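For reference, the chains in residue letters:
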Amino acid sequence: MSWLADTRTSYDTVAESYAEFVAGALEEQPYLKAALTLFAAEVDGPAVDVGCGPGHFTAYLASLGVDASGVDLSPAMVGLARRAHPELAFEVGSMTDLALPDASVAGVLASWSLIHVPDDDVPVALGHFRRVLRPAGLLVIGYHVGAGTRLKTEGYGGHPMRVHIHLRQPWWLARRVRAAGFSVEAEWSLNPENKVSQAILFARASA
């Protein structure tokens, strides 16, 4: 799939600059921090941060007592995460072919990583999330709200990129999450005044 190769290469290219860009994300976005804190409080067992980037959210979950690990498509991102957080486990992998055993985790965090997955492949990723989650396991997805897709050709630090960013309506994502075997428990709107707002979806794996 060409979008996978483009996404991997793009984030390998911008890895260092991206890590600097997100370094203070949690302190600058208290509602996002609250969502991760709630995720940590609700997860009863190991959790995986899918699309973990340089591991900043994974490390925050671990600081709250979660047995957290990370997976990312970009080897460069995983290398940064391992160096920054050597006490945690990070692996290279794709959410459309998630190399974790069935029912092996109690929580899946996908923070603004599903935004690069084309519409037709979203059910594949959600199917893997459901497969690796235990019954009643928690799924949290952060995403951009809107409609349509835009091609990002320049990224963090001015480096070249080629990634598609898919904007989605809450009803669109919730419908597919339910179809994958989840019940939606909550939806948070973040920065609704912005031109492109964000949202966080909380869902439980069905028994």
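Note that the structure is predicted; figures quoted are calculated from it, not measured.

(A) Main features of empty space enclosed by the protein. Inspection of the entire model under this criterion finds 1 cavity of 30 Å³ or more. Each pocket or cavity is described by its volume, and for the largest cavity that value is around 40 Å³. Lining the largest cavity are L32, A35, L36, L109, S111, W112, V140, I141, G142 and I200. Per-class residue counts for the lining of the largest cavity are 8 nonpolar, 2 polar and no charged.

(B) A look at the layout of surface pockets. Roughly 990 Å³ of volume is contained in the largest pocket. Around the largest pocket sit 42 residues that line it, and Y11, Y18, W112, I115 and Y156 are the ones nearest its centre. For the lining of the largest pocket, the elements supplying multiple residues, two or more each, are α1 (2-21), α2 (25-28), α4 (56-63), β2 (68-72) and β6 (149-154). No other element matches α1, which puts 7 residues into the lining of the largest pocket.

So, how was this worked out
Residues numbered from 1 in each chain as written. Predicted model: local features only at pLDDT ≥ 70, side-chain atom pairs only at ≥ 80, totals over all residues. Heavy atoms only, no water. 1 Å grid on protein atoms, 1.4 Å probe; cavity = no way out; pocket = protein on both sides within 12 Å on 5 of 7 lines; lining within 4 Å. Points joined across faces, edges and corners; volume = space filled by probe spheres on them. Nonpolar A, V, L, I, M, F, W, Y, C, P; charged D, E, K, R; others polar. Helix = DSSP H or I, 4+ residues; strand = E, 2+ residues; numbered from the N terminus.

This is a description of form; function is not addressed.
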